[in-house]
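# An overview of the molecular structure
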Protein chains: 2
Amino acid sequence: MGANLFSFELHHVDRGCAARRASFTTPHGVVDLPTFMPVGTQGTIKGLTASQVRATGSQMVLGNTYHLALRPGEDVVAELGGLHRFMGWDGPILTDSGGFQLFSLADSNKVTEQSAIFRSHINGRKFELSPERSIEIQEALGSDVAMVLDHVIALPASNTNVRDACDRTIRWAKRCLGARTRHDQAQFAIVQGGLNAELRVECAKQLAELSDFDGYAIGGLSVGEGEADMLRTIEATCPALPREKPRYLMGVGTPKDLVEAIRRGVDMFDCIIPSHNGRNALAYTDAGRLRLRNSKHQRDDRPLEENCPCPACQHSRGYIRHLFQANEMLGPILLTAHNITYYQRLVSQARAAIENDVYLDFYDEKIAGWKGENTT
Amino acid sequence: MGANLFSFELHHVDRGCAARRASFTTPHGVVDLPTFMPVGTQGTIKGLTASQVRATGSQMVLGNTYHLALRPGEDVVAELGGLHRFMGWDGPILTDSGGFQLFSLADSNKVTEQSAIFRSHINGRKFELSPERSIEIQEALGSDVAMVLDHVIALPASNTNVRDACDRTIRWAKRCLGARTRHDQAQFAIVQGGLNAELRVECAKQLAELSDFDGYAIGGLSVGEGEADMLRTIEATCPALPREKPRYLMGVGTPKDLVEAIRRGVDMFDCIIPSHNGRNALAYTDAGRLRLRNSKHQRDDRPLEENCPCPACQHSRGYIRHLFQANEMLGPILLTAHNITYYQRLVSQARAAIENDVYLDFYDEKIAGWKGENTT
C-alpha cells in the first residue's frame, strides 16, 4: 500500500551500538533519521510561525487527532485544504491517533472493545473514538503518517491490564488497516506491553505479522515509569521491530532520553518538552539547563549558547530573563525556538556521529556536557 | 548639537494639501517620512522577534522610558550594550520621556514643578521622574531620539490647568536641553496646550525660540477628546511648527487618524493600536476591520488581505479564527504582524501618493475602502 509514495532507507548502523542512520521518504519530502518532531497539538507549534519552525531545522511535525477533531473539527481542516495548508507547513506531518488521550484524559473517558468514549475537555460533549473513526479523522486531516489507535494505560499497571491493553491494541491496529482508504497516507503500528519485555516482543511480532506497516512505534512509555525501566523496555523491543522500517518512540523525551533511545535503535521522536519547558523559561544547552528567571542572568551578556543560530541567541541571557520577568510573549517564543533548534542540532549531530561510527563518543560527550556549568 | 548625526530633508509637499514627503537621518539609519513606529514598551514589540518587526517594513521603533527604568532598570540595559543591542534592533529608536505616564498613571503620581513622583505599577515603590532624570535614563538607554519630559493631562480640562501644564512643559523642555550630555542622541520638544489652538501655537513658537530642537512633537492628544477636536488641534498646530524639522504626533492612532494627520502635515506616528488590537483578534484591511473571532470566518479560505506579504496572510481566515478560538499564541502573533505590516504599507502608499501629488485621491480611496465589506 502506497509503496511508491513512502520508503525507508537504512543507510548505516553504528559500529559500536544499535544507532541507525536512515531516511524516510513521504509525499511531502524526505526526513533524515534519527529525527525529532515538534508537537503542533492544535495545528500550531505554540508560539512559532511555520517559517520559524522550519528555521529550527525541523523536517517533520506532529498534529493531534483528538484536539483537531474537537476544534476546529476535521471537516473544517479538510475544507480549508487539509492540515498542511491549514498550518502552512509543506513538510511531512504525522498525526497521533488519540490513543494517548485514553491515558492523559483517563478521568473523562471509558474504553470498550468497540471504542473509547470521551467527554470533550472543551465543552463536556460526548466524543467517540474508534479505530475506524481515528483513521477517518486522520485521513480528513491528510497527514503523511497516521498512527493506529492504541490503548495507552498508566504505569505501573497489573499484568492483566497491560496484557488486555496490548491485545486490544493489536485488534485495533487490524481494524485501522481495514479502515484505510487513502494511499497517500502511511500507517504506523504501535507496540504496547507496558514494562513487560516478553509482551513487548510478542506485540511487535504480531503487529509485523499482521501487515507490512509503514513504520512501528513504541507507545505507552514515559507515562510514570522510571528512566531505567523505560530504557530496558526500549532495548528489549527494538530488536523485535522490522529492521527495514522506521521506529518511532512516542512522546519521549528529554535530550538525554533521545541520545539513550537512539543508541538503542530508535529513529523518530516527538515530545512537548522543548516547547513546554521553553515557555516556562527553561533552556537546553550542551552545558546543561538554564533557568532564565534566575537573577544570576540579569546582567549576563552571553547568549544562551555560542554559535546557536536561533533567534534567542541573537540576544543576551539578560534580555531573555527580562522578557520573562516582564511577562512578555517574546520570552516563551524565543525559548521555544531555541529549545527546538537545540533538539534539531542534537539529532543532526547524532546523524553525523552514526555516519562516522562514533555514536558512543558523541553519547559520552553529551552526557558529560549536560552535567556542566549551566546545570542548576 | 549633533548636526552631523541627525538631519531632516523635506523632499516634497503635496500640491493639494499639507502632506509632506521627507526623510530623517539618524546614527542608526534613515527613516522615510511619513512613518509609523511600532511600540516596544518593555524592550519588545509584543510577540514579534526583531527580524519579524523588520519584515513588517518598520524602520524605527519606540521604547518606553518609564517602563524600562523600572524594569530591568536603565543601568541593566546600558550594561547589556544599550537598548539597540538589548532588543536586537539595529535601526533607529525613539524613547518617550515618561510624560504620558503622568496621564495614564494619574492615580499613582503627583506632579510638582521639580518632578513627578510615581508609585511603581510593578511593586509600589517610589519613582521620581524629573526632566533631568528622564534625559539621564534616555541617555543610558541610548535611543536615537529622546523626548523631553512633558506634562500630559486628561481632556477636557480647565483653561487654567491646560495653561499650567503647557507652561510647565516649556520650562521642563528647557531643563531637558540643559541636561543633555550625549550628542549622538537627538531631542524632540513636545507641544502641549490641550484643545486651545492659540495656546498650541504659542507653545510651538516658544519651544522653537528656546532652541533648535531636532524635531517637534504634538503631545496630549488622543486622551479623551473627540476626533474633530483632535484634527482641528493638529491643523492649528502644524503650521506653527518649524518647517524644516520632523513633526511627530504622539500616541496616535487608527489608520484613519494617520491619513487625516498626514494630510495636515504630520510626519511621524506611534501607537499601540495595531499591536493591541491584533492581540484581540482585530485585523485591519483596506476593506475595513475584520473581527477574527466571528464564526463567519470559520471556513473562509481567503487570507485577511490579498497580496499582503505578512506571515498571517500565508494562512486562511479560518485558520486564524481557529488560533483565537483555541487560545493559541500564534493568533495574537500573526495579527500583530499583519496589523503593523498594514500600517507600514499605509504610510508607504502615503509617501508614494505625496511624491505624485495625489495624496487627496489616496485619502479618499482609503476612507471609502474602510467602509467596505469587512466593516462590522
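Small disclaimer: the values here were computed from a predicted structure and weren't measured.

## Digging into the overall build of chain A
Each helix and strand in chain A was counted, giving 14 helices and 17 strands. In terms of overall dimensions, chain A is globule-like: its C-alpha atoms have a radius of gyration of 20 Å, near the 21 Å expected for 376 residues. Its C-alpha atoms put chain A at 60 × 50 × 40 Å along the principal axes. Per-residue burial for chain A yields a buried fraction of 55% across its 376 residues. Expressed as a percentage of contacts within chain A between residues at least 6 apart in sequence, the contacts between residues at least 24 apart total 70%.

## Describing unusual backbone geometry
All names here are of chain A. The omega torsion of the bond from Val252 to Gly253 falls at 15°, within 30 degrees of zero and hence cis. For Gly253, the location among the structural elements is in the loop between β14 (247–249) and α10 (255–263). Phi at Ser222 is positive, roughly 60°, even though this residue is not glycine. As for its placement among the helices and strands, Ser222 is situated in the loop between β13 (215–218) and α9 (227–237).

## Describing helix α13 (residues 330–355) of chain B
Since there are 3.6 residues in each turn of an α-helix, residues three or four apart along the chain are aligned in direction. Residues and elements named next belong to chain B. For α13, with 26 residues, the first-to-last C-alpha span of 37 Å sits near the 38 Å given by 1.5 Å per residue. Across the 26 residues of α13, 22 count as buried, placing the element largely inside the fold. One or two steps after α13, the chain reaches Asp357, where phi turns positive at roughly 60°.

## Topic: the interface of chain A and chain B
Contact with chain A, which involves 31 residues of that partner, is made by 31 residues of chain B. At the level of secondary structure, the elements contributing two or more residues to the side of chain A that touches chain B comprise α3 (74–79) and α12 (317–325) of chain A. Ranked by residue count, the leading element in the side of chain A that touches chain B is α12(A), at five residues. Residues that form the side of chain A that touches chain B fall into these classes: 10 nonpolar, 15 polar and six charged.

## A short note on the environment of B:Gly219
Residue and element names in this part refer to chain B. Summarising the element assignment, Gly219 is placed in the loop between β13 (215–218) and α9 (227–237). For Gly219, a count of 29 C-beta atoms within 10 Å translates into the label buried. Expressed as a C-alpha distance, the spacing of Gly219 and Leu249, which sit 30 residues apart in the sequence, is 6.5 Å. Beyond its immediate sequence surroundings of up to four residues, Gly219 is in contact with Gly99, Asp150, Val152, Ile190, Val191, Gln192 and Met250.

## Here we look at the domain arrangement of chain A
Residues and elements named next belong to chain A. What the domain assignment lists for chain A is domain 1 (7–271) and domain 2 (278–369). If you average the C-alpha positions of domain 1 and of domain 2, the two centres end up 26 Å apart. Taken together, the contact between domain 1 and domain 2 spans 26 residues of the former and 25 residues of the latter. For the side of domain 1 that touches domain 2, the secondary-structure elements that each account for two or more residues are β2 (20–26), β4 (35–37) and α10. Per-element tally for the side of domain 1 that touches domain 2: the top contributor is α10, with six residues. A per-class count over the side of domain 1 that touches domain 2 returns 10 nonpolar, eight polar and eight charged.

## Details of the pairing of strand β17 (residues 288–291) of chain A
All names here are of chain A. Where strand β16 (residues 282–285) and β17 come together, four bridges link them in antiparallel fashion. Within β17, the residue paired with Leu282 across the bridge is Arg291. Hairpin connection, β16 to β17: the antiparallel pair is bridged by two residues.

## Some thoughts on the sheet that holds β2(A)
All names here are of chain A. Taken in spatial order, the three strands of this open sheet run β1-β2-β3, and their pairing is antiparallel. In this open sheet, the two edge strands, each paired with only one partner strand, are β1 (7–13) and β3 (29–33). Geometrically, the sheet is characterised by an average inter-axis angle of 15° between neighbouring strands, direction not taken into account. Packed onto the sheet, helix α13 (residues 330–355) meets β1, β2 and β3 and runs at close to 120° relative to β2.

## Topic: the relation of the copies chain A and chain B
Rotating chain A by 180° and moving it 0.0 Å along the rotation axis overlays it on chain B with an RMSD of 0.0 Å. These values place the two chain copies in the arrangement generated by a two-fold rotation axis. Comparing interface residues between copies, 100% of those in chain A also sit at the interface in chain B, which points to an isologous, same-surface contact.

## Here's the deal with the environment of B:Tyr343
With respect to the helices and strands, the residue B:Tyr343 is situated in helix α13. Once you skip the residues sitting within four places of it in the chain, B:Tyr343 turns out to touch B:Phe36, B:Pro255 and B:Pro274.

## Section: the sheet that holds strand β5 (residues 39–40) of chain B
The strand order β4-β15-β14-β13-β12-β11-β7-β6-β5 (chain B) describes an open sheet built from nine strands, whose pairing is parallel. Looking at which strands have only one partner, the edges of the open sheet turn out to be β4 (35–37) and β5 of chain B.

## Description of helix α7 (residues 159–179) of chain A
Residues and elements named next belong to chain A. End to end, α7 covers 30 Å across 21 residues, agreeing with the expected 30 Å (1.5 Å per residue, within 8%). Among all positions of α7, only Val162, Ala165, Cys166, Thr169, Ile170, Trp172, Ala173, Cys176 and Ala179 are buried. Elements in contact with the buried residues of α7: α6 (131–141), β12 (186–191) and α8 (197–210).

## Thoughts on the confidence of the model for chain A
A residue-level look at chain A finds 99% of positions with pLDDT of 70 or above and a mean pLDDT of 96. As scored by the predictor, the complex reaches a pTM of 0.97 and an ipTM of 0.97.

## Structural notes on the environment of A:His297
Residues and elements named next belong to chain A. Along the chain, His297 turns up in the loop between β17 and α12. Linking His297 and Arg21, residues 276 residues apart in sequence, is a C-alpha distance of 38 Å. What His297 contacts, discounting residues up to four positions off in sequence, is Leu292, Arg317, Gly318 and Arg321.

## Details of the packing of α10(A) against α13(A)
Residue and element names in this part refer to chain A. Contact geometry for α10 and α13: axes closest at 11 Å, N-to-C directions at 20°. As judged from the angle between their axes, α10 and α13 are roughly parallel. α10 and α13 meet at a crossing whose hand is right-handed. From α10, Pro255, Leu258, Val259 and Ile262 reach across to α13, where they touch Tyr343, Leu346, Val347 and Ala350. Residues of the contact of α10 with α13, tallied by class, amount to eight nonpolar, no polar and no charged.

## Details of the pairing of strand β1 (residues 7–13) of chain B
Residues and elements named next belong to chain B. Pairing geometry for β1 and strand β2 (residues 20–26), over six bridges, is antiparallel. Residue pairing across strands places Ser7 opposite Thr25, the latter belonging to β2. Counted along the chain from β1 to the antiparallel partner β2, the turn is six residues long.

Reading the values: rules and limits
- Residues numbered from 1 in each chain as written.
- Chains lettered and ligands numbered in written order.
- Predicted model: local features only at pLDDT ≥ 70, side-chain atom pairs only at ≥ 80, totals over all residues.
- Helix = DSSP H or I, 4+ residues; strand = E, 2+ residues; numbered from the N terminus.
- Rg over C-alpha atoms; globule rule 2.2 N^0.38 Å.
- Buried ≥ 20, exposed ≤ 12 C-beta atoms within 10 Å, placed from the backbone.
- Contact = placed C-beta atoms within 7 Å.
- Expected span 1.5 Å × (residues − 1).
- Nonpolar A, V, L, I, M, F, W, Y, C, P; charged D, E, K, R; others polar.
- Domains from an automatic or database assignment.
- Pairing = 2+ DSSP bridges.
- Axes fitted to C-alpha atoms, helices over the stretch in contact; angles between N-to-C directions.
- Least-squares fit on C-alpha atoms with pLDDT ≥ 70 in both.
- pLDDT = per-residue confidence, 0-100.
- Parallel < 35°, antiparallel > 145°, perpendicular 65-115°, else oblique.
- Left-handed = near helix turned anticlockwise from the far one by under 90°.

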